[in-house]
Amino acid sequence: MEEDWPLNPHLDEDPNGWQTIAPEHMSIFMPSSLQIADMHRLGLATMASQELELRQGQANDALEGLRLALGHKSLLFRTKVRVLLQGE
């Protein structure tokens, strides 16, 4: 039985012997994973535009985090340079 076990490290077995996978390791179906023609055929165009908005929001959040981190580093650098210049 051990040799039949798949090579997926996230697979587990429940008390009944069923193979399971933790939700945090599962792939989530998103409209962007489909071809455009299939997306329209299945009526998922609205959901695809919502997915795009969510992805843009996530990208904007990441950029804001980078801007804040860069601003903080800039402040620390300026403070350090001023301290060094005053020490001369």
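What follows is about the overall build of the protein. If you tally the helices and strands in the protein, you get two helices and two strands. When the elements of the protein are put in sequence order from the N terminus, they spell out β-β-α-α. Considering the protein as a whole, with its 88 residues, one finds that 7% of them fall into the buried category. Of the contacts made within the protein by residues no fewer than 6 positions apart, 3% connect residues no fewer than 24 positions apart.

The tally for this structure, following the rule as stated, stands at two salt bridges. Where Arg 41 meets Asp 38, a salt bridge forms, and the shortest distance between an N and an O atom there is 3.4 Å. In this pair, Arg 41 and Asp 38 both sit in helix H1 (residues 36-41), three residues apart, roughly one turn of the helix. What makes Arg 41 exposed here is its relative accessible area of 60%. A salt bridge links Glu 51 to Arg 55; the shortest N-O distance between them is 2.7 Å. One end of the pair is Glu 51 and the other is Arg 55, both in helix H2 (residues 45-86) and four residues apart, which spans about a single turn. By relative accessible area, Glu 51 is classed as buried at 5%. Given the relative accessible area of 45%, Arg 55 is considered partly exposed.

Quick look at the confidence of the model for the protein now. The predicted model of the protein has a mean per-residue pLDDT of 86, with 88% of residues at 70 or higher. Looking across the protein, the model is least confident in strand S1 (residues 11-13), with a mean pLDDT of 74, and most confident in H1, with 95.

With respect to the secondary-structure elements, Pro 31 resides in the loop between strand S2 (19-21) and H1. Residue Pro 31 is classed as buried on the basis of its relative accessible area of 1%. A sequence separation of 13 residues divides Pro 31 from Leu 44, and the C-alpha atoms of the two residues are 6.6 Å apart. For Pro 31, the residues in contact, after removing those within four places along its chain, are Met 39, Leu 44, Met 47, Ala 48 and Glu 51.

Cut-offs applied
- Residues numbered from 1 in each chain as written.
- Predicted model: local features only at pLDDT ≥ 70, side-chain atom pairs only at ≥ 80, totals over all residues.
- Heavy atoms only, no water.
- Helix = DSSP H or I, 4+ residues; strand = E, 2+ residues; numbered from the N terminus.
- Buried < 20%, exposed > 50% of the residue type's maximum accessible area, 1.4 Å probe, protein only.
- Contact = heavy atoms within 4.5 Å.
- Salt bridge = Lys/Arg side-chain N within 4 Å of Asp/Glu carboxyl O.
- pLDDT = per-residue confidence, 0-100.

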